[in-house]
Amino acid sequence: MDVGLRQLVIDAWSWLNYKPVMAEVGRPGSRAFPELAKTWVPPGELRRLAAYKVLASYDNNQAGQLAALGGDASALERRELGDAANLVDTALGYLLGSEQKVAVEGAEHADEETPTPGAADAAAVQKRLRAWADKELLTFRVQQAERAAVLLGDSVMVLAWNPEKQRPTLRVYDPGFFFPQWDDDADDDFPSSVHLAWDLPADDDAGLKARVRRVTYELGPISEGDEEGPAVGARTYPWEPGRASNTTCYLTDAEWLLEDLNGETLDRLPMSKASFRLGADGTELNRLDLMVDFVPVVHIANTIPDGGEHWGRSVLARVLQALDELAATDSDSSAASATTGTPIIGLAGARLPVDRATGKTQELEVRAGAVWQLGETGRMDALDTSPQLAELRARVDHLLERIASNSRVTAAGLGTLDATEVPSGYALRLALGPLDALIGMMRLAREHKYRLLFKMVQRLYQAGRAEGWTAGETLPARLAWAPHTPTDRGAVLEEVVTAYGAGVMSLETAVAMLLEAGYPIKDASQEVERIRAKAQQEAEVRMAEAAARRGREEDQEEDAVPGAAEERRSAAKGGEREPVGSGR
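Residues numbered from 1 in each chain as written. Predicted model: local features only at pLDDT ≥ 70, side-chain atom pairs only at ≥ 80, totals over all residues. Heavy atoms only, no water.

Among the surface-exposed residues, Leu-347, Leu-352, Leu-364, Leu-374 and Met-380 lie close enough to one another that they form a single nonpolar patch of about 390 Å² accessible area. Relative to the assigned elements, Leu-364 resides in the loop between β15 (345–350) and β16 (374–382). (Patch = residues over 30% accessible without salt bridge, like charges linked within 9 Å, V, L, I, M, F, W, Y side chains within 5 Å. Areas by Shrake-Rupley, 256 points an atom, 1.4 Å probe, with all protein chains shown as cover. Salt bridge = Lys/Arg side-chain N within 4 Å of Asp/Glu carboxyl O. Helix = DSSP H or I, 4+ residues; strand = E, 2+ residues; numbered from the N terminus.)

Trp-40, Trp-132, Leu-138, Tyr-217, Leu-316 and Tyr-450 are the most contacted members of the largest nonpolar core, which totals 109 residues. Among the elements that take part in this core, helix α10 (residues 433–463) stands out by supplying 12 residues, more than any other. Excluding its chain neighbours within four sequence positions, the residues that come into contact with Tyr-450 are Val-142, Glu-146, Met-157, Ile-300, Ala-477, Leu-479 and Trp-481. Of all hydrophobic cores here, the second largest spans 11 residues; its members include Met-505, Ala-510, Val-511 and Ile-521. (Core = buried A, V, L, I, M, F, W, Y, C linked by side-chain atoms within 4.5 Å. Buried < 20%, exposed > 50% of the residue type's maximum accessible area, 1.4 Å probe, protein only. Contact = heavy atoms within 4.5 Å.)

This part covers the pairing of strand β1 (residues 100–104). Burial runs high along β1: 5 of the 5 residues are buried. Side-chain alternation along β1 places Gln-100, Val-102 and Val-104 on one buried face and Lys-101 and Ala-103 on a second face that is also buried.

The next subject is the environment of Asp-59. When you line up the elements, Asp-59 lands in helix α1 (residues 46–59). On the accessibility criterion, Asp-59 (16% relative accessible area) is buried. As a C-alpha pair, Asp-59 and Gly-82 span 23 residues in sequence and 7.3 Å in three-dimensional space. Beyond its immediate sequence surroundings of up to four residues, Asp-59 is in contact with Ala-85, Arg-147 and Leu-151. Among the polar contacts made by the side chain of Asp-59, one reaches the side chain of Arg-147 at a distance of 3.0 Å. (Polar contact = N/O pair within 3.5 Å; in protein donor to acceptor, adjacent residues only side chain to side chain.)

Quick look at the pairing of strand β6 (residues 211–221) now. In terms of residue burial, β6 counts as a mostly covered element, since 8 of its 11 residues are buried. As defined by bridge partners, strand β5 (residues 193–200) adjoins β6 across 8 bridges and the pair is classed as antiparallel. Across the sheet, residue Ser-193 finds its bridge partner in β6, namely Glu-218. Two strands pair when backbone bridges link them, and β6 and strand β11 (residues 247–257) are joined in this way by 11 bridges, in the antiparallel orientation. The residue of β11 that forms the bridge with Tyr-217 is Leu-251. (Pairing = 2+ DSSP bridges.)

Attention now moves to the packing of helix α5 (residues 138–152) against α10. Orientation of α5 relative to α10, taken along the N-to-C sense of each, is 135°, at an axis distance of 13 Å. Compared by their axis directions, α5 and α10 come out oblique. Considering only the axes of α5 and α10, their crossing is right-handed. Seen from α5, the contacting residues are Leu-138, Val-142, Glu-146, Ala-149 and Val-150; seen from α10, they are Met-442, Arg-446, Tyr-450 and Phe-454. The class makeup of the residues in the contact of α5 with α10 is 7 nonpolar, no polar and 2 charged. (Axes fitted to C-alpha atoms, helices over the stretch in contact; angles between N-to-C directions. Parallel < 35°, antiparallel > 145°, perpendicular 65-115°, else oblique. Left-handed = near helix turned anticlockwise from the far one by under 90°. Nonpolar A, V, L, I, M, F, W, Y, C, P; charged D, E, K, R; others polar.)

To continue, consider the packing of aromatic side chains. Enumeration according to the criterion identifies 9 aromatic pairs in this entry. Pairing Tyr-237 with Trp-239 gives two aromatic rings, centres 5.0 Å apart and planes at 15°, and the pair type is stacked. Accessibility assignment for this pair places Tyr-237 and Trp-239 in one class, buried. Summarising the aromatic geometry, the rings of Tyr-461 and Trp-469 are spaced 4.6 Å apart at their centres and angled 0° between planes, so their arrangement reads as stacked. An aromatic cluster is built from Trp-161, Tyr-461 and Trp-469, whose rings are joined through pairwise contacts. In this structure, Arg-48 packs its charged tip against the face of Phe-179, placed 5.6 Å from the ring centre. (Phe/Tyr/Trp six-rings, centres within 6.5 Å; stacked < 30°, edge-to-face > 60°. Lys NZ or Arg CZ within 6 Å of the ring centre and 35° of its normal.)

Scored by pLDDT, the chain has a mean of 84; 86% of the residues are at 70 or more. Scored below 50 in pLDDT, residues 226–230 shows 4 contacts in the model against residues more than four places distant or in partner chains. Here residues 577–584 is modelled with pLDDT under 50, and outside its nearest four sequence neighbours on either side it reaches 0 contacts, counting other chains as well. (pLDDT = per-residue confidence, 0-100.)

Moving on, we get to the sheet that holds strand β3 (residues 167–173). Across the sheet, which stays open at both edges, the 3 strands sit in the order β3-β2-β14 with antiparallel pairing between neighbours. Each edge of the open sheet is held by one strand with a lone partner, namely β3 and β14 (297–301). Direction aside, neighbouring strands of the sheet carry axes that sit 25° apart on average. Bridging between strand β2 (residues 154–162) and β14 involves 5 bridges; their strand directions are antiparallel. Residue pairing in the sheet places Val-156 in a bridge with His-299 of β14. On top of the sheet, α5 reaches β2, β3 and β14; it is set at about 150° to β2, its chief contact. α10 rests against β2, β3 and β14 of the sheet, and its axis sits at about 165° to β14.

In the structure shown here, the tally under the stated rule is 21 salt bridges. The partner of Asp-289 in a salt bridge is Arg-235, and the shortest N-O contact between them spans 2.7 Å. One end of the pair, Asp-289, is in strand β13 (residues 288–289); the other, Arg-235, is in strand β9 (residues 235–236), with 54 residues separating them in the sequence. Using a relative accessible area of 24% as the deciding quantity, one classes Asp-289 as partly exposed. A salt bridge links Glu-447 to Arg-451; its shortest N-O distance comes to 3.1 Å. Taken together, the residues span about one helical turn, with Glu-447 and Arg-451 both in helix α10 at a distance of 4 residues. One network of salt bridges, with partners in common, ties together Asp-59, Asp-89 and Arg-147.

Further remarks concern unusual backbone geometry. Its identity as a non-glycine residue notwithstanding, Leu-137 has a phi of 55°, on the positive side. With respect to the helices, strands and loops of the structure, Leu-137 is situated in the loop between α4 (119–135) and α5. Residue Leu-137 is classed as partly exposed on the basis of its relative accessible area, which comes to 47%. Phi at Arg-408 takes a positive value of approximately 70°, unusual for a residue other than glycine. Tracing the sequence through the fold places Arg-408 in the loop between α7 (386–407) and α8 (411–414).

Have a look at this one:
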């Protein structure tokens with residue numbers, strides 16, 4: 001007898017297996033999300049795309065609607081009060097800190113009395129990268145990308161050279177549009193080909209049919225066409241002078257009508273039926289040579305992927321079932337509060353009012369000021385549900401504590417910790433320990449990706465021959481994060497003053513520590529210059545005051561001793577006479 005056993009799937013999204021929409025092994029989520037039923041979507045990507053859809057439903061308070069599609073009709077009445085979105089936004093806030101800055105290694109030593117070799121170049125590159133970040137709204141783009149990464153586990157940033165603006169542009173894409181093509185035989189950390197693909201709905205007013213758009217970045221050999229046919233060429237890139245390369249990146253941007261596809265997946269769409277888009281200068285985007293030897297796409301994972309995996313994990317992953325329990329308990333608590341505020345009342349021996357028009361007995365309403373007539377043996381009993389309501393509210397608090405603990409955001413991080421329960425600042429620091437570890441892990445997962453992003457920005461500037469960007473090796477740059485928790489500024493200031501005064505810390509290091517502690521210092525190098533200029537000015541004032549003080553003391557001595565001034569002038573004139581025998 002076929003008992004219809006469910007297949008057990010263990011992968012990067014196994015924590016969603018309890019959801020009915022993820023239980024379909026063949027095409028998970030295709031019934032709940034019709035857009036995933038498109039034939040061009042690769043079957044191996046369906047679980048990832050379905051997971052993104054499920055997580056997005058929690059962020060938008062639609063988890064109940066999703067559960068109803070899985071067969072739980074009562075889930076439509078579930079109350080969702082934004083707990084999932086609050087957890088995501090809280091984790092995002094701690095991850096980002098108060099600000100983010102571009103930092104180039106070695107730039108902090110440019111203003112020292114004896115700067116290290118290359119410090120001036122590093123400072124110049126840092127200044128140009130920060131100017132690019134301001135123009136491209138990097139802080140805004142980072143927040144866009146990081147919220148998607150914290151919620152969905154992944155995010156995608158794409159760079160492109162803009163000839164009109166003469167700078168690289170940065171755009172953030174939905175990770176559901178991202179389809180990297182990994183070579184099973186290769187041992188590379190990055191894919192050699194990447195697709196960005198999404199559906200374009202039909203537009204009857206414009207006469208457009210339903211289409212799929214695919215933007216492809218692909219590394220390949222440099223082709224040089226001649227009369228005999230294409231040949232492989234070589235090119236010297238400005239970031240690797242003296243070294244020839246035969247690799248370049250090709251861009252293809254095309255559309256296909258869905259009705260023209262006969263079951264072909266994304267990586268096998270028929271090029272004969274493609275309609276290629278045009279660039280700003282009218283160039284057809286069909287294997288356009290971008291003149292770079294890298295794919296300008298950066299995938300950001302929220303967590304460090306397991307061995308053999310490439311995808312991150314959402315901050316909601318481990319507490320998703322607890323969020324379901326919390327929503328269900330909130331719904332029960334709401335129902336219990338209704339019966340507590342307006343209790344269910346049982347009457348015995350009551351004289352019920354009669355409608356004179358119909359002659360039917362009217363129902364009694366529980367309201368303020370109501371008077372009911374009871375007989376001699378009549379009585380009234382009220383159903384007291386307040387104990388159940390108190391128990392439900394205690395369960396809500398328990399679930400919130402469990403969510404805070406298992407997500408590692410902690411009750412202190414979520415702001416639900418009672419301040420009276422913290423005996424000291426050291427105890428609060430211990431309570432925030434799991435949050436510190438969580439943010440440290442999340443920032444470590446992003447460290448290399450942002451270094452890669454700034455490396456690509458520099459190389460796109462060099463490839464575009466932008467003013468001020470000369471050929472040469474790319475300098476390492478990173479995204480510097482502000483502290484994610486409040487810092488004891490007084491303790492840091494005392495430590496800096498003591499160490500700098502004792503001569504065991506340089507001024508540059510002292511200013512850097514104050515900057516990390518949250519002091520309003522815009523630029524560390526400029527702050528160092530201002531401090532040194534002020535110290536030199538104060539030293540000159542002290543020298544002038546000392547000279548003036550010595551002059552006043554000499555004047556006072558002359559006034560106190562009669563004839564002292566004449567003797568001093570005579571001694572001075574005598575010193576100016578020629579020595580005896582000087583003309584001999």
